[in-house]
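# Descriptive analysis of the structure
As a plain string of letters, each chain reads:
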Amino acid sequence: MTDLRDLLTHAASRAADHRAEAARQPVFPASLDHEAMRKALGPLPDHPTPARAVVDQLADIVEPGLVATTGPRYFGFVVGGALDAATAADVLTTGWDQPAFNAVTSPAAALVEDVTGGWLKDLLGLPAAASFGFVTGGQAANTVALAAARHQVLAGVGWDVEQRGLLGGPPIRVVANGERHATIDRTFRLLGLGAGVVEAVATDDQGAIDVADLSRVLAEGSAGPTIVCLQAGNVNSGAFDDFAAATSVAHEHGAWVHVDGAFGLWAAASPTTRHLTAGIDTADSWATDGHKWLNVPYDSGYVFCAHPQAHANAMSFTAAYLTGHGQGGLRTPADYVLESSRRARGFATWAALRQLGRSGIAELVERCCALARRFAEQLAAVDGVSAANDVVLNQVLVDFGGHEETDRVVEAVQRSGECWMGATTWHGRRLMRISVSNWRTTEADVDRSVAAIVAAVSRT
Ligand SMILES: *Cc1c(COP(=O)(O)O)cnc(C)c1O
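In this report, the structure presented in the accompanying data block is examined. Keep in mind that this is a model prediction, so the values were computed, not measured.

## Quick notes on the nonpolar core
Nonpolar side chains in soluble globular proteins generally cluster together in the buried interior. By size, the foremost hydrophobic cluster in this structure holds 78 residues, and its most contacted members are Trp 266, Phe 375, Met 432 and Ile 434. The contact partners of Met 432, leaving out residues within four places of it in the chain, are Val 396, Leu 397, Val 398, Phe 400, Thr 406, Val 409, Val 410, Val 413, Met 421, Gly 422, Ala 423 and Ile 453. Val 161, Val 303, Cys 305 and Val 337 belong to the second largest nonpolar core, which has 31 residues in total.

The structure is reproduced here in C-alpha coordinates:
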(Lines give C-alpha, C1' and ligand atoms only; values in the text may rest on other atoms or scores of the structure.)
Protein backbone atom coordinates (compact mmCIF):
# COMPACT_ATOMS: atom_id res chain seq x y z
CA MET A 1 0.00 0.00 0.00
CA THR A 2 1.25 3.47 -0.84
CA ASP A 3 1.56 5.94 1.97
CA LEU A 4 -0.67 8.89 1.10
CA ARG A 5 1.95 11.33 2.30
CA ASP A 6 4.51 9.96 -0.15
CA LEU A 7 1.99 9.87 -2.94
CA LEU A 8 0.89 13.49 -2.48
CA THR A 9 4.48 14.65 -2.14
CA HIS A 10 5.34 12.76 -5.29
CA ALA A 11 2.39 14.23 -7.23
CA ALA A 12 3.19 17.74 -5.98
CA SER A 13 6.80 17.37 -6.99
CA ARG A 14 5.82 16.28 -10.49
CA ALA A 15 3.58 19.32 -10.75
CA ALA A 16 6.41 21.55 -9.53
CA ASP A 17 8.75 20.00 -12.12
CA HIS A 18 6.23 20.73 -14.84
CA ARG A 19 5.92 24.33 -13.78
CA ALA A 20 9.68 24.81 -13.70
CA GLU A 21 9.95 23.20 -17.13
CA ALA A 22 7.16 25.42 -18.46
CA ALA A 23 9.69 28.27 -18.71
CA ARG A 24 12.09 26.14 -20.80
CA GLN A 25 10.11 23.66 -22.87
CA PRO A 26 8.36 24.53 -26.17
CA VAL A 27 5.29 26.51 -25.13
CA PHE A 28 3.05 24.27 -27.24
CA PRO A 29 4.00 20.59 -27.69
CA ALA A 30 6.08 20.37 -30.85
CA SER A 31 4.67 17.16 -32.20
CA LEU A 32 2.01 15.23 -30.42
CA ASP A 33 0.77 11.85 -31.55
CA HIS A 34 -2.84 11.86 -30.37
CA GLU A 35 -3.36 8.23 -31.27
CA ALA A 36 -0.28 7.13 -29.35
CA MET A 37 -1.51 9.03 -26.31
CA ARG A 38 -4.98 7.57 -26.65
CA LYS A 39 -3.47 4.12 -26.88
CA ALA A 40 -1.27 4.69 -23.84
CA LEU A 41 -4.32 5.85 -21.85
CA GLY A 42 -5.69 2.42 -22.73
CA PRO A 43 -9.07 0.76 -22.55
CA LEU A 44 -11.16 0.74 -19.35
CA PRO A 45 -9.14 -1.48 -17.01
CA ASP A 46 -10.74 -4.63 -15.62
CA HIS A 47 -8.70 -4.65 -12.44
CA PRO A 48 -7.24 -2.26 -9.87
CA THR A 49 -3.86 -0.55 -10.18
CA PRO A 50 -1.80 0.68 -7.20
CA ALA A 51 -2.22 4.43 -6.62
CA ARG A 52 1.44 5.28 -7.10
CA ALA A 53 1.51 3.56 -10.48
CA VAL A 54 -1.69 5.35 -11.51
CA VAL A 55 -0.18 8.75 -10.74
CA ASP A 56 3.01 7.96 -12.62
CA GLN A 57 1.15 6.56 -15.59
CA LEU A 58 -1.05 9.62 -15.79
CA ALA A 59 1.85 12.05 -15.57
CA ASP A 60 4.05 10.06 -17.97
CA ILE A 61 1.32 9.76 -20.55
CA VAL A 62 -0.12 13.26 -20.50
CA GLU A 63 2.86 15.50 -19.80
CA PRO A 64 3.96 15.51 -23.48
CA GLY A 65 0.51 16.92 -24.32
CA LEU A 66 0.49 19.72 -21.76
CA VAL A 67 0.64 23.34 -22.85
CA ALA A 68 3.01 25.59 -20.89
CA THR A 69 0.27 27.98 -19.82
CA THR A 70 1.89 28.36 -16.40
CA GLY A 71 5.11 29.46 -18.08
CA PRO A 72 6.04 33.07 -18.85
CA ARG A 73 5.55 33.07 -22.63
CA TYR A 74 1.98 31.90 -23.10
CA PHE A 75 -0.09 34.83 -24.40
CA GLY A 76 -3.11 33.01 -25.81
CA PHE A 77 -6.74 33.86 -24.96
CA VAL A 78 -6.61 35.49 -21.50
CA VAL A 79 -4.84 32.81 -19.50
CA GLY A 80 -3.29 33.42 -16.09
CA GLY A 81 -0.42 31.41 -14.69
CA ALA A 82 -1.48 30.46 -11.13
CA LEU A 83 0.46 32.01 -8.27
CA ASP A 84 2.51 29.73 -6.03
CA ALA A 85 0.44 30.26 -2.87
CA ALA A 86 -2.81 29.85 -4.80
CA THR A 87 -1.57 26.66 -6.43
CA ALA A 88 -0.50 25.19 -3.10
CA ALA A 89 -3.77 26.28 -1.48
CA ASP A 90 -5.58 24.47 -4.28
CA VAL A 91 -3.60 21.35 -3.45
CA LEU A 92 -4.74 21.72 0.17
CA THR A 93 -8.31 22.26 -1.03
CA THR A 94 -8.11 18.96 -2.87
CA GLY A 95 -6.70 17.23 0.18
CA TRP A 96 -9.32 18.69 2.50
CA ASP A 97 -12.08 17.88 0.00
CA GLN A 98 -14.73 20.09 1.60
CA PRO A 99 -18.20 20.22 0.08
CA ALA A 100 -18.64 24.00 0.28
CA PHE A 101 -22.41 24.00 0.25
CA ASN A 102 -23.01 25.73 3.57
CA ALA A 103 -21.68 26.23 7.07
CA VAL A 104 -22.71 22.72 8.10
CA THR A 105 -20.90 20.97 5.29
CA SER A 106 -17.84 23.15 5.92
CA PRO A 107 -17.71 26.07 8.35
CA ALA A 108 -14.15 26.82 7.25
CA ALA A 109 -15.07 27.05 3.57
CA ALA A 110 -18.09 29.25 4.35
CA LEU A 111 -16.05 31.59 6.53
CA VAL A 112 -13.15 31.90 4.11
CA GLU A 113 -15.49 32.77 1.24
CA ASP A 114 -17.19 35.33 3.45
CA VAL A 115 -13.91 37.07 4.30
CA THR A 116 -12.43 36.77 0.81
CA GLY A 117 -15.57 38.09 -0.87
CA GLY A 118 -15.22 41.23 1.23
CA TRP A 119 -11.59 41.60 0.17
CA LEU A 120 -12.54 41.26 -3.50
CA LYS A 121 -15.22 43.97 -3.30
CA ASP A 122 -12.74 46.29 -1.62
CA LEU A 123 -10.01 45.66 -4.24
CA LEU A 124 -12.36 45.95 -7.20
CA GLY A 125 -14.09 49.11 -5.99
CA LEU A 126 -17.52 47.47 -5.68
CA PRO A 127 -20.18 48.42 -3.11
CA ALA A 128 -19.42 46.96 0.33
CA ALA A 129 -23.03 45.77 0.65
CA ALA A 130 -22.96 43.75 -2.60
CA SER A 131 -23.58 40.00 -2.41
CA PHE A 132 -21.12 37.65 -4.05
CA GLY A 133 -20.60 34.08 -5.20
CA PHE A 134 -17.49 32.02 -5.90
CA VAL A 135 -18.21 30.35 -9.22
CA THR A 136 -16.34 28.34 -11.84
CA GLY A 137 -15.45 31.26 -14.11
CA GLY A 138 -16.70 34.19 -16.14
CA GLN A 139 -19.42 32.22 -17.89
CA ALA A 140 -20.91 31.10 -14.59
CA ALA A 141 -20.56 34.61 -13.13
CA ASN A 142 -22.42 36.12 -16.08
CA THR A 143 -25.10 33.45 -15.83
CA VAL A 144 -25.69 33.97 -12.11
CA ALA A 145 -25.67 37.76 -12.40
CA LEU A 146 -28.10 37.78 -15.29
CA ALA A 147 -30.38 35.28 -13.53
CA ALA A 148 -30.53 37.82 -10.68
CA ALA A 149 -31.24 40.51 -13.25
CA ARG A 150 -34.01 38.44 -14.80
CA HIS A 151 -35.51 37.95 -11.34
CA GLN A 152 -35.42 41.63 -10.46
CA VAL A 153 -36.72 43.16 -13.69
CA LEU A 154 -39.65 40.74 -13.73
CA ALA A 155 -40.36 41.14 -10.01
CA GLY A 156 -40.60 44.85 -10.77
CA VAL A 157 -43.68 44.16 -12.90
CA GLY A 158 -45.13 41.64 -10.46
CA TRP A 159 -43.95 38.47 -12.19
CA ASP A 160 -42.27 35.71 -10.14
CA VAL A 161 -39.98 34.09 -12.70
CA GLU A 162 -38.60 31.46 -10.32
CA GLN A 163 -42.12 30.17 -9.75
CA ARG A 164 -43.81 30.83 -13.07
CA GLY A 165 -40.97 30.67 -15.57
CA LEU A 166 -41.03 32.80 -18.68
CA LEU A 167 -44.00 31.32 -20.55
CA GLY A 168 -46.84 33.80 -20.62
CA GLY A 169 -44.80 36.35 -18.74
CA PRO A 170 -43.91 39.91 -19.69
CA PRO A 171 -41.18 40.23 -22.32
CA ILE A 172 -37.68 41.26 -21.27
CA ARG A 173 -35.53 43.54 -23.39
CA VAL A 174 -31.79 42.94 -23.42
CA VAL A 175 -29.58 45.71 -24.75
CA ALA A 176 -25.85 45.02 -24.94
CA ASN A 177 -22.51 46.23 -26.22
CA GLY A 178 -22.32 44.97 -29.81
CA GLU A 179 -18.92 43.45 -29.01
CA ARG A 180 -19.96 41.59 -25.88
CA HIS A 181 -18.29 38.28 -25.03
CA ALA A 182 -19.97 35.17 -26.45
CA THR A 183 -20.72 33.88 -22.93
CA ILE A 184 -23.29 36.68 -22.58
CA ASP A 185 -25.19 35.22 -25.53
CA ARG A 186 -24.94 31.72 -24.12
CA THR A 187 -26.26 33.04 -20.82
CA PHE A 188 -29.43 34.29 -22.51
CA ARG A 189 -29.81 30.92 -24.22
CA LEU A 190 -29.62 29.22 -20.83
CA LEU A 191 -31.95 31.71 -19.15
CA GLY A 192 -34.70 30.96 -21.64
CA LEU A 193 -34.62 34.34 -23.36
CA GLY A 194 -32.64 33.13 -26.37
CA ALA A 195 -29.50 34.69 -27.77
CA GLY A 196 -31.71 36.44 -30.32
CA VAL A 197 -33.17 38.65 -27.58
CA VAL A 198 -30.02 40.78 -27.55
CA GLU A 199 -30.33 44.22 -29.16
CA ALA A 200 -26.79 45.20 -30.10
CA VAL A 201 -25.56 48.72 -29.45
CA ALA A 202 -22.96 50.33 -31.72
CA THR A 203 -19.38 50.59 -30.49
CA ASP A 204 -16.54 53.01 -31.13
CA ASP A 205 -13.34 52.13 -33.00
CA GLN A 206 -11.98 50.39 -29.89
CA GLY A 207 -15.11 48.36 -29.16
CA ALA A 208 -16.42 50.50 -26.31
CA ILE A 209 -20.16 51.10 -26.22
CA ASP A 210 -21.49 54.19 -28.02
CA VAL A 211 -23.53 55.78 -25.24
CA ALA A 212 -25.55 57.93 -27.66
CA ASP A 213 -26.56 54.78 -29.52
CA LEU A 214 -27.42 53.10 -26.21
CA SER A 215 -29.70 56.05 -25.48
CA ARG A 216 -31.29 55.77 -28.91
CA VAL A 217 -31.88 52.00 -28.67
CA LEU A 218 -33.38 52.30 -25.19
CA ALA A 219 -35.63 55.18 -26.20
CA GLU A 220 -36.84 53.55 -29.43
CA GLY A 221 -37.94 50.27 -27.89
CA SER A 222 -40.84 49.78 -25.54
CA ALA A 223 -40.48 50.45 -21.83
CA GLY A 224 -40.65 47.51 -19.44
CA PRO A 225 -38.30 44.97 -17.92
CA THR A 226 -34.87 45.75 -19.40
CA ILE A 227 -31.32 44.49 -18.88
CA VAL A 228 -28.27 46.35 -20.20
CA CYS A 229 -24.94 44.52 -20.55
CA LEU A 230 -21.72 46.52 -20.43
CA GLN A 231 -18.13 45.41 -20.62
CA ALA A 232 -14.94 46.11 -18.67
CA GLY A 233 -12.22 44.85 -21.00
CA ASN A 234 -13.17 44.11 -24.62
CA VAL A 235 -11.98 40.58 -25.28
CA ASN A 236 -9.99 41.76 -28.30
CA SER A 237 -8.87 45.31 -27.59
CA GLY A 238 -9.23 45.54 -23.80
CA ALA A 239 -11.44 48.64 -24.21
CA PHE A 240 -13.77 49.79 -21.44
CA ASP A 241 -17.30 51.10 -21.72
CA ASP A 242 -18.07 54.48 -20.16
CA PHE A 243 -19.77 53.09 -17.07
CA ALA A 244 -20.84 56.36 -15.48
CA ALA A 245 -22.58 57.60 -18.64
CA ALA A 246 -23.97 54.26 -19.82
CA THR A 247 -25.27 53.26 -16.39
CA SER A 248 -26.94 56.58 -15.89
CA VAL A 249 -28.73 56.33 -19.25
CA ALA A 250 -29.75 52.73 -18.54
CA HIS A 251 -31.03 53.56 -15.06
CA GLU A 252 -33.14 56.39 -16.46
CA HIS A 253 -34.92 53.63 -18.37
CA GLY A 254 -35.25 51.52 -15.24
CA ALA A 255 -32.85 48.91 -16.62
CA TRP A 256 -30.63 46.54 -14.65
CA VAL A 257 -26.98 47.10 -15.61
CA HIS A 258 -24.63 44.14 -15.72
CA VAL A 259 -20.88 44.49 -16.28
CA ASP A 260 -18.84 41.63 -17.71
CA GLY A 261 -15.33 42.30 -16.38
CA ALA A 262 -13.82 38.84 -16.71
CA PHE A 263 -10.32 40.27 -16.81
CA GLY A 264 -10.88 44.03 -17.12
CA LEU A 265 -12.42 44.50 -13.68
CA TRP A 266 -8.91 44.00 -12.30
CA ALA A 267 -7.98 47.41 -13.72
CA ALA A 268 -9.75 48.74 -10.61
CA ALA A 269 -7.05 47.16 -8.43
CA SER A 270 -4.30 49.47 -9.68
CA PRO A 271 -4.14 53.26 -9.26
CA THR A 272 -2.66 53.52 -12.77
CA THR A 273 -5.65 51.88 -14.50
CA ARG A 274 -8.46 52.49 -12.02
CA HIS A 275 -9.78 55.43 -14.05
CA LEU A 276 -10.86 52.96 -16.76
CA THR A 277 -13.48 51.60 -14.37
CA ALA A 278 -14.82 54.98 -13.20
CA GLY A 279 -18.50 54.75 -12.34
CA ILE A 280 -18.52 50.96 -12.42
CA ASP A 281 -19.82 50.82 -8.85
CA THR A 282 -23.14 52.28 -10.04
CA ALA A 283 -23.99 49.08 -11.96
CA ASP A 284 -26.25 46.36 -10.55
CA SER A 285 -24.11 43.26 -11.08
CA TRP A 286 -20.56 42.36 -12.05
CA ALA A 287 -18.74 39.25 -13.26
CA THR A 288 -15.02 38.57 -13.13
CA ASP A 289 -12.53 35.75 -13.20
CA GLY A 290 -9.97 34.55 -10.66
CA HIS A 291 -8.26 32.20 -13.08
CA LYS A 292 -7.38 34.92 -15.58
CA TRP A 293 -5.62 37.98 -14.22
CA LEU A 294 -5.61 37.16 -10.50
CA ASN A 295 -3.61 34.03 -11.39
CA VAL A 296 -5.68 31.61 -9.32
CA PRO A 297 -5.77 28.04 -10.69
CA TYR A 298 -8.78 26.97 -12.78
CA ASP A 299 -11.79 26.95 -11.99
CA SER A 300 -12.31 30.29 -10.35
CA GLY A 301 -14.65 33.21 -10.99
CA TYR A 302 -16.67 35.69 -8.95
CA VAL A 303 -20.10 37.23 -9.29
CA PHE A 304 -21.21 40.32 -7.38
CA CYS A 305 -24.64 41.82 -7.07
CA ALA A 306 -25.83 45.16 -5.69
CA HIS A 307 -29.18 43.54 -4.83
CA PRO A 308 -28.39 40.64 -2.49
CA GLN A 309 -32.02 39.59 -2.16
CA ALA A 310 -32.47 39.34 -5.94
CA HIS A 311 -29.23 37.36 -6.13
CA ALA A 312 -30.37 34.90 -3.46
CA ASN A 313 -33.92 34.69 -4.82
CA ALA A 314 -32.58 33.72 -8.23
CA MET A 315 -30.14 31.11 -6.93
CA SER A 316 -31.04 29.65 -3.56
CA PHE A 317 -33.06 26.53 -3.04
CA THR A 318 -33.90 24.48 -0.03
CA ALA A 319 -34.95 21.01 0.96
CA ALA A 320 -35.87 19.41 4.25
CA TYR A 321 -32.56 17.58 4.65
CA LEU A 322 -30.50 20.70 4.01
CA THR A 323 -30.30 21.76 7.63
CA GLY A 324 -28.01 24.46 8.82
CA HIS A 325 -28.74 27.35 6.50
CA GLY A 326 -27.22 30.34 8.21
CA GLN A 327 -25.69 28.13 10.91
CA GLY A 328 -23.82 30.24 13.45
CA GLY A 329 -24.72 33.32 11.46
CA LEU A 330 -22.51 32.14 8.61
CA ARG A 331 -23.46 32.91 5.06
CA THR A 332 -24.47 29.98 2.85
CA PRO A 333 -22.14 29.99 -0.18
CA ALA A 334 -24.48 27.86 -2.28
CA ASP A 335 -27.24 30.52 -2.11
CA TYR A 336 -25.26 32.64 -4.58
CA VAL A 337 -24.03 30.17 -7.19
CA LEU A 338 -25.26 27.56 -9.66
CA GLU A 339 -23.85 24.50 -7.96
CA SER A 340 -25.11 22.64 -4.94
CA SER A 341 -22.17 20.43 -3.96
CA ARG A 342 -19.12 22.42 -4.90
CA ARG A 343 -15.40 22.87 -4.51
CA ALA A 344 -14.25 25.14 -1.67
CA ARG A 345 -13.00 27.82 -4.04
CA GLY A 346 -12.38 30.45 -1.40
CA PHE A 347 -9.12 28.97 -0.15
CA ALA A 348 -7.12 29.48 -3.36
CA THR A 349 -8.40 33.02 -3.81
CA TRP A 350 -7.64 33.89 -0.18
CA ALA A 351 -4.11 32.58 -0.75
CA ALA A 352 -3.61 34.59 -3.95
CA LEU A 353 -4.78 37.81 -2.31
CA ARG A 354 -2.72 37.06 0.80
CA GLN A 355 0.41 36.35 -1.22
CA LEU A 356 0.24 39.55 -3.27
CA GLY A 357 -1.58 41.95 -1.01
CA ARG A 358 -3.10 45.15 -2.32
CA SER A 359 0.26 46.45 -3.54
CA GLY A 360 1.25 43.18 -5.19
CA ILE A 361 -1.98 42.99 -7.15
CA ALA A 362 -1.61 46.59 -8.30
CA GLU A 363 1.94 45.79 -9.34
CA LEU A 364 0.85 42.65 -11.25
CA VAL A 365 -1.75 44.65 -13.17
CA GLU A 366 0.68 47.49 -13.92
CA ARG A 367 3.45 45.12 -14.97
CA CYS A 368 1.23 43.20 -17.39
CA CYS A 369 0.02 46.48 -18.92
CA ALA A 370 3.58 47.77 -19.27
CA LEU A 371 4.63 44.49 -20.92
CA ALA A 372 1.67 44.74 -23.32
CA ARG A 373 2.81 48.25 -24.30
CA ARG A 374 6.34 46.90 -24.76
CA PHE A 375 4.98 44.28 -27.19
CA ALA A 376 3.05 46.92 -29.12
CA GLU A 377 5.95 49.38 -29.33
CA GLN A 378 8.51 46.81 -30.43
CA LEU A 379 6.25 45.17 -32.99
CA ALA A 380 5.00 48.46 -34.43
CA ALA A 381 8.64 49.36 -35.12
CA VAL A 382 8.96 46.35 -37.46
CA ASP A 383 8.51 47.03 -41.18
CA GLY A 384 5.02 46.15 -42.41
CA VAL A 385 3.72 45.48 -38.90
CA SER A 386 1.29 47.72 -37.02
CA ALA A 387 -0.54 47.75 -33.71
CA ALA A 388 -4.29 47.62 -34.33
CA ASN A 389 -5.66 48.77 -30.97
CA ASP A 390 -5.00 51.41 -28.35
CA VAL A 391 -3.20 49.37 -25.71
CA VAL A 392 -5.11 50.60 -22.66
CA LEU A 393 -4.71 47.37 -20.71
CA ASN A 394 -3.03 43.98 -21.23
CA GLN A 395 -4.41 43.18 -24.71
CA VAL A 396 -2.48 43.83 -27.93
CA LEU A 397 -3.73 43.34 -31.50
CA VAL A 398 -1.17 43.23 -34.28
CA ASP A 399 -1.62 43.46 -38.03
CA PHE A 400 1.05 41.84 -40.22
CA GLY A 401 -0.23 43.40 -43.42
CA GLY A 402 -3.30 41.37 -44.27
CA HIS A 403 -5.33 38.28 -43.46
CA GLU A 404 -3.01 35.66 -44.94
CA GLU A 405 0.18 37.29 -43.70
CA THR A 406 -1.19 37.47 -40.16
CA ASP A 407 -2.31 33.84 -40.19
CA ARG A 408 1.06 32.75 -41.56
CA VAL A 409 2.99 34.65 -38.90
CA VAL A 410 0.73 33.43 -36.06
CA GLU A 411 1.09 29.82 -37.20
CA ALA A 412 4.84 30.10 -37.57
CA VAL A 413 5.16 31.62 -34.10
CA GLN A 414 2.98 28.89 -32.59
CA ARG A 415 5.13 26.24 -34.29
CA SER A 416 8.34 27.83 -33.03
CA GLY A 417 7.50 26.86 -29.46
CA GLU A 418 9.08 30.11 -28.30
CA CYS A 419 5.78 31.60 -27.27
CA TRP A 420 2.10 31.13 -28.07
CA MET A 421 -0.52 33.65 -29.11
CA GLY A 422 -3.69 33.25 -31.11
CA ALA A 423 -5.38 35.11 -33.93
CA THR A 424 -8.67 36.94 -34.08
CA THR A 425 -10.82 38.78 -36.57
CA TRP A 426 -11.75 42.23 -35.32
CA HIS A 427 -13.38 45.08 -37.22
CA GLY A 428 -12.86 43.15 -40.43
CA ARG A 429 -9.14 42.61 -39.94
CA ARG A 430 -7.24 39.41 -39.19
CA LEU A 431 -4.94 40.11 -36.25
CA MET A 432 -2.53 38.47 -33.87
CA ARG A 433 -4.00 38.67 -30.38
CA ILE A 434 -1.62 38.96 -27.43
CA SER A 435 -2.77 38.88 -23.81
CA VAL A 436 -0.26 39.48 -21.01
CA SER A 437 -1.88 37.99 -17.92
CA ASN A 438 0.75 35.87 -16.22
CA TRP A 439 2.71 36.90 -13.10
CA ARG A 440 5.82 35.10 -14.42
CA THR A 441 6.22 37.12 -17.62
CA THR A 442 9.22 39.48 -17.66
CA GLU A 443 10.61 42.06 -20.10
CA ALA A 444 13.09 39.41 -21.26
CA ASP A 445 10.17 37.11 -22.12
CA VAL A 446 8.54 39.83 -24.17
CA ASP A 447 11.82 40.57 -25.98
CA ARG A 448 12.38 36.88 -26.70
CA SER A 449 8.81 36.56 -27.99
CA VAL A 450 9.17 39.64 -30.17
CA ALA A 451 12.35 38.10 -31.61
CA ALA A 452 10.41 34.92 -32.44
CA ILE A 453 7.70 36.98 -34.12
CA VAL A 454 10.24 39.01 -36.09
CA ALA A 455 11.90 35.76 -37.21
CA ALA A 456 8.50 34.47 -38.36
CA VAL A 457 7.84 37.72 -40.25
CA SER A 458 11.10 37.48 -42.15
CA ARG A 459 10.50 33.82 -42.99
CA THR A 460 7.00 34.37 -44.35
C1 LIG B 1 -12.96 34.86 -20.59
C2 LIG B 1 -14.11 35.78 -20.65
C3 LIG B 1 -15.39 35.34 -20.29
C4 LIG B 1 -15.68 33.91 -19.92
O5 LIG B 1 -14.97 33.54 -18.78
P6 LIG B 1 -14.65 32.01 -18.48
O7 LIG B 1 -13.86 32.10 -17.24
O8 LIG B 1 -13.89 31.50 -19.66
O9 LIG B 1 -15.95 31.32 -18.30
C10 LIG B 1 -16.41 36.26 -20.32
N11 LIG B 1 -16.20 37.53 -20.68
C12 LIG B 1 -14.98 37.99 -21.04
C13 LIG B 1 -14.81 39.42 -21.41
C14 LIG B 1 -13.89 37.12 -21.03
O15 LIG B 1 -12.68 37.56 -21.37
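The structure having been displayed, the exposition proceeds.
## Topic: the pattern of salt bridges
Tallying each qualifying case throughout the model produces 23 salt bridges. The residue Arg 216 makes a salt bridge to Asp 213 at a minimum N-O spacing of 2.8 Å. In this pair, Arg 216 and Asp 213 both sit in helix H9 (residues 211–220), three residues apart, roughly one turn of the helix.

## Digging into the sheet that holds strand E4 (residues 226–231)
Think of a sheet as strands paired side by side through backbone hydrogen bonds, with each pair either parallel or antiparallel. Strand order in the open sheet made by the seven strands is E1-E7-E6-E5-E4-E2-E3, with mixed pairing throughout. Across the chains shown, the open sheet's two edge strands, defined by having one partner strand only, are strand E1 (131–135) and strand E3 (198–201). On average, each strand axis in the sheet is inclined to that of its neighbour by 20°, with strand direction left out of account. Here E1 pairs with strand E7 (residues 301–305) via five bridges, running antiparallel. The residue bridging Phe 132 from the neighbouring strand is Phe 304, located in E7. Contacting E1, strand E6 (285–289) and E7, helix H5 (residues 107–124) runs over the sheet at an angle of about 110° to E1.

## Focus: the side chain of Glu 179
Structurally, Glu 179 can be placed in the loop between strand E2 (173–177) and helix H8 (182–190). Among buried charged residues, Glu 179 stands out as having no salt bridge; its nearest opposite-charge side chain is Arg 180, 9.6 Å away. Side chain to side chain, Glu 179 and Thr 203 meet in a polar contact 3.3 Å long. Every residue in contact with Glu 179, bar those within four places of it in the chain, is listed here: Thr 203, Gly 207, Gln 231, Asn 234, Trp 426 and His 427.

## Quick notes on the site of the ligand
The full set close to the ligand counts 14 residues, and Gly 138, Gln 139, Asp 260, His 291 and Lys 292 are the nearest of them. Taking His 291, its side chain carries an N or O atom lying 2.8 Å from an oxygen atom of the ligand. In the complex, 84% of the free accessible area of the ligand, which totals 380 Å², lies under the protein chains. In terms of residue class, the shell around the ligand is built from three nonpolar, eight polar and three charged.

## Brief notes about the sheet that holds strand E8 (residues 386–387)
The four strands lie next to each other as E8-E9-E11-E10, forming an open sheet whose pairing is antiparallel. Whereas interior strands pair on both sides, the edge strands pair on one side only; in this sheet they are E8 and strand E10 (422–426). Pairing of E10 with strand E11 (residues 429–435), which is carried by five bridges, proceeds in the antiparallel orientation. If you follow Thr 424 over to E11, its bridge partner there is Leu 431. Sheet strands in contact with helix H12 (residues 346–380) are E8, strand E9 (395–399) and E11, and its direction is about 15° off that of E9. Lying over the sheet, helix H13 (residues 403–416) contacts E9, E10 and E11, oriented at roughly 30° with respect to E11.

## Some points on H9
Residues of H9 that are buried include every one of Val 211, Asp 213, Leu 214, Val 217 and Leu 218, and no others. The buried side chains of H9 occupy one side of the element, clustering within an arc of 155° when seen end-on. Relative to its buried face, H9 has exposed residues pointing more than 90 degrees away, namely Ala 212, Ala 219 and Glu 220. In the core, the buried residues of H9 are packed alongside E2, E3, E4 and helix H10 (243–252). The N-capping residue of H9, defined by a side-chain oxygen 3.0 Å from the backbone nitrogen of Ala 212, is Asp 210.

## A few points about the environment of Val 112
If you trace the backbone, Val 112 turns up in helix H5. For the pair Val 112 and Ala 348, spaced 236 residues apart in the sequence, the C-alpha separation amounts to 9.9 Å. In contact with Val 112, other than residues within four places in its own chain, are Gly 346, Phe 347 and Trp 350.

## Side note on unusual backbone geometry
Here the amide bond leading from Tyr 298 into Asp 299 is cis, since omega sits at -5°, within 30 degrees of zero. Positionally, Asp 299 belongs in the loop between E6 and E7. If you check the backbone angles, Ala 82 has positive phi at about 70° while not being a glycine. Considering the arrangement of structural elements, one finds Ala 82 in the loop between helix H3 (51–62) and helix H4 (84–96). Given the relative accessible area of 8%, Ala 82 is considered buried.

## Considering the pairing of E2
Taking burial as the measure, the five residues of E2 include five buried ones, the bulk of the element. Pairing of E2 with E4, which is carried by four bridges, proceeds in the parallel orientation. Bridged to Val 174 within E4 is Ile 227. Alignment of E2 against E3, held across four bridges, turns out to be parallel. Bridge assignment links Val 174 to a residue of E3, and that residue is Val 198. The handedness of the E2 to E3 crossover, carried by H8, is right-handed.

Thresholds applied
Residues numbered from 1 in each chain as written. Predicted model: local features only at pLDDT ≥ 70, side-chain atom pairs only at ≥ 80, totals over all residues. Heavy atoms only, no water. Core = buried A, V, L, I, M, F, W, Y, C linked by side-chain atoms within 4.5 Å. Buried < 20%, exposed > 50% of the residue type's maximum accessible area, 1.4 Å probe, protein only. Contact = heavy atoms within 4.5 Å. Salt bridge = Lys/Arg side-chain N within 4 Å of Asp/Glu carboxyl O. Helix = DSSP H or I, 4+ residues; strand = E, 2+ residues; numbered from the N terminus. Pairing = 2+ DSSP bridges. Axes fitted to C-alpha atoms, helices over the stretch in contact; angles between N-to-C directions. Lys, Arg positive; Asp, Glu negative; His and termini not counted. Polar contact = N/O pair within 3.5 Å; in protein donor to acceptor, adjacent residues only side chain to side chain. Near = heavy atom within 4 Å. Areas by Shrake-Rupley, 256 points an atom, 1.4 Å probe, with all protein chains shown as cover. Nonpolar A, V, L, I, M, F, W, Y, C, P; charged D, E, K, R; others polar. Arc of directions from axis to C-beta. Right-handed = clockwise from strand over helix to strand, strands pointing away.

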